[in-house]
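Listed here are the chains, written in short residue letters.
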Amino acid sequence: MLKVQLKNISKSYENGNFAVKNISFDVDDKEFVVLVGPSGCGKSTILRMIAGLEEITEGELFIEDKKVNDISPKDRNIAMVFQNYALYPHMTVFENMAFGLKLRKFNKEEINLRVNEAAKILELEPYLQRKPKALSGGQRQRVAVGRAIVRKPKVFLFDEPLSNLDAKMRVQMRTEISKLHKKLEATMIYVTHDQTEAMTMGNKIVVLKDGIINQISSPLELYNFPVNKFVAGFIGSPSMNFIKGKFVDELGIKFISNNKTLKINLSSILNQNYKLYLNKDIILGIRPEDIYDESNNANILHQEKINVELEVVEPMGNEIYLYFQIEGTQFIARIPAREVPNSGSTKNLFLDLSKLHFFDAESELAIR
């Protein structure tokens, strides 16, 4: 069974700086794993080390239980799709897709068969005799993917392949790559800084920051149970709201923000573990979609009402973003678009207490 394993892999440079440090994770056969994180977190470096384009400083890389640290890129049977397409402008689509096969001395009949199979899968058959300049961005990206498919590699690597496309085309290509994964039953490792791409495409997501893995989980696990404040804020759009405060025991445990503007009775939802944090600095987090207005709070069992002044109101079509402040901290609520309130008006909003997240203020680790 095909499996890619990274065991305690690090990449450092002569100045002592680390691009990635002590990275370990597995990619199972036919799995779609996404590496996600902000720019400079090391995700592309990891992909390049898997491809053999970047030397591994420490650790071991296995493909099909075979250590490949010292095996050249061409002998790893891995295909990589780059952000900039890397197409030859003087060649047709057919020639671009066939080029790698010609270098490997495939016969003409096999080349025709593989290119036409890939073109059919990617709906590129009408464009095989065109050159890249006559194609749209999405079509060029499909050609780059086709060039990888014809090689029939063990593993597909994607390095931010949709970054150069407009928003509408990104959504379309995202769907096409997901369908391609199912159709080919291939093992894929995909790098992106876009958490929406990660959440919608990956079976498993590896969240990175500063060259270190913060969490490896399924999309829903990441969203509902982030292990720390960074993951909580990075996953989800708009980002999670945060505010500092303390747990206090006032006839039941309450969260009180630093200036006591926000005071929430939590006795009905907290377990005994939270008592360990009494009178210690903590951070409360709540996602914008877990703040409701009067139109959609009726079925929420545990809720807290807050009255806020709306600074900015953004109608988004089927929903509205409301921006307001609590003690100088910017909050966003995401509510259904039943009516559009005015900027500067006051409004009652309701926090869903069952959806609150808490983090240690010093370590920023989640409090369970």
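It should be noted that the structure appears before, not after, this text.
It should be emphasised that the depicted structure is a prediction, and the values quoted were computed from it without experimental measurement.

## Concerning the overall build of the protein chain
Assigned secondary structure in the protein chain consists of eight helices and 21 strands. With the C-alpha coordinates aligned to their principal axes, the bounding extent of the protein chain is approximately 80 × 45 × 35 Å. Evaluated residue by residue, the protein chain yields a buried proportion of 50% over its 368 residues. Taking the intrachain contacts of the protein chain between residues at least 6 apart in sequence as the baseline, contacts between residues at least 24 apart amount to 66%. Carbon and sulfur atoms form 46% of the exposed surface of the protein chain, whose accessible area is close to 18,100 Å². In the protein chain, 49 side chains carry a positive charge and 46 a negative one; their mean positions are 5 Å apart.

## Quick word on the packing of aromatic side chains
Enumeration according to the criterion identifies 11 aromatic pairs in this entry. With 6.3 Å between their ring centres and 45° between their planes, Phe255 and Phe358 make a pair best called tilted. With Phe255 in strand S12 (residues 253-257) and Phe358 in strand S21 (residues 357-360), this pair connects stretches of sequence that are 103 residues apart. Here Phe255 matches Phe358 in class, with each residue buried. Taken together, Phe32, Phe156, Phe158 and Tyr190 form an aromatic cluster joined through their ring pairs. Just above the ring of Phe242 sits the side chain of Lys229; from NZ or CZ to the centre is 4.6 Å. Across from the ring centre of Tyr277, 5.9 Å away, lies the NZ or CZ of Lys280, which sits over that ring.

## Quick look at the layout of surface pockets
Looking at the largest pocket, its volume works out to about 460 Å³. Taken together, 19 residues make up the lining of the largest pocket; nearest its centre are Met80, Phe82, Arg104, Arg147 and Arg151. Those elements giving two or more residues to the lining of the largest pocket turn out to be strand S6 (78-81), helix H2 (93-103) and helix H4 (137-149). The class makeup of the residues in the lining of the largest pocket is 14 nonpolar, one polar and four charged. Considering only enclosed or pocket space, the second largest pocket measures out at about 370 Å³ in volume. In terms of lining, the second largest pocket is formed by 20 residues, of which the most central are Asn224, Ser354, Lys355, Leu356 and His357. At the level of secondary structure, the elements contributing two or more residues to the lining of the second largest pocket comprise helix H7 (219-224) and S21.

Conventions and cut-offs
Residues numbered from 1 in each chain as written. Predicted model: local features only at pLDDT ≥ 70, side-chain atom pairs only at ≥ 80, totals over all residues. Heavy atoms only, no water. Helix = DSSP H or I, 4+ residues; strand = E, 2+ residues; numbered from the N terminus. Buried < 20%, exposed > 50% of the residue type's maximum accessible area, 1.4 Å probe, protein only. Contact = heavy atoms within 4.5 Å. Areas by Shrake-Rupley, 256 points an atom, 1.4 Å probe, with all protein chains shown as cover. Lys, Arg positive; Asp, Glu negative; His and termini not counted. Charge placed at Lys NZ, Arg CZ, Asp CG, Glu CD. Phe/Tyr/Trp six-rings, centres within 6.5 Å; stacked < 30°, edge-to-face > 60°. Lys NZ or Arg CZ within 6 Å of the ring centre and 35° of its normal. 1 Å grid on protein atoms, 1.4 Å probe; cavity = no way out; pocket = protein on both sides within 12 Å on 5 of 7 lines; lining within 4 Å. Points joined across faces, edges and corners; volume = space filled by probe spheres on them. Nonpolar A, V, L, I, M, F, W, Y, C, P; charged D, E, K, R; others polar.

The analysis is restricted to geometry; functional conclusions fall outside its scope.
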